[in-house]
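# Architecture and fold: a report
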Amino acid sequence: MILPIVAYGDPVLRKVAKDIDSEYPKLDELINNMWETMYNAHGVGLAAPQVGLPIRMFVVDTTPFADDEDLTEEEQKQLDGFKKVFINAKIEAESGKEWDFSEGCLSIPDIREDVSRKPEIVISYLDEDFKPHKETYDGLLARVIQHEYDHIEGILFTDKLSSLKKRLLKSRLEKISKGKITADYKMRFPDIKKRR
């Protein structure tokens, strides 16, 4: 089932999400719905807060990036078919020299900006079967994971921009929260009062 994606301005996007356990109700169904929602919106990652749930879970499938001709063959191979569920994730370490890359977000349609992030991360998480993992990722893979991880920490990519950039984007962000945009996927806007 395709879920509405929560738009910028909704308080759920600002909450530090809570850990879950294997008893979480209808978890398999939620994971399937998140995949379906993400693919429908042409995303490469989706975090539970973006579908209105303040829980520490996100899904990532970087396969669409594998066709990017600007990437090395090795990078393309790394991204192709990388599809994972991250539950109760914790970034243990970030290292290397920060690099810029243009990021967007399904909760903030039509806005893309360069964001600086460290190129390498060590992350521990549980998969959908609640098996623990601790892995190191780098490059674009690390960036997609960092972006989704920020969501479960209540952080948006726009928070990482300079104060000048934030001021320049302010009215566009307000329009998004009021639903004054067109997205080609289902969205839920915080500032549109529920009509009876």
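Structural notes, computed from the coordinates. Numbers given for residues are sequential positions, taken from 1 along each chain in its written order. This being a predicted model, a pLDDT of at least 70 is required before a residue's local features are given, and a value of 80 or more before pairs of side-chain atoms are given or counted; all residues contribute to the totals for chains, interfaces and linings. Note that water and hydrogens are dropped before the side-chain values are worked out from all heavy atoms of the structure.

### Topic: the overall build of the protein chain
Per the secondary structure count, the protein chain includes 4 helices and 9 strands. Here a helix means four or more residues in a row that DSSP labels H or I, a strand means two or more in a row labelled E, and each is numbered from the N terminus. In the protein chain, the succession of helices and strands from N to C terminus is β-α-β-β-α-β-β-β-β-β-α-α-β. Radius of gyration here is computed from C-alpha atoms only, and the compact-globule reference equals 2.2 Å multiplied by the residue count raised to the power 0.38. In terms of overall dimensions, the protein chain is globule-like: its C-alpha atoms have a radius of gyration of 16 Å, near the 16 Å expected for 196 residues. Relative accessibility decides the category of a residue: with a 1.4 Å probe and only protein chains considered, values under 20% of the type maximum give buried, values over 50% give exposed, and everything between is partly exposed. Within the protein chain, the proportion of its 196 residues that are buried is 46%.

### Some remarks on helix α1 (residues 27–40)
With 14 residues, α1 should cover 20 Å at 1.5 Å per step; its first-to-last C-alpha distance of 20 Å lies within 8% of that length. All buried positions along α1 are accounted for by Leu27, Leu30, Ile31, Asn33, Met34, Trp35, Thr37 and Met38. In what follows, residue pairs with any heavy atoms lying within 4.5 Å of each other are defined as contacts. Turning to α1, the residues buried within the fold contact β1 (5–6), β2 (45–47), β3 (57–61) and β4 (83–95). The first or second residue beyond α1 is His42, which carries a positive phi of 60 degrees. The span one expects for a helix is its residue count, reduced by one, times 1.5 Å.

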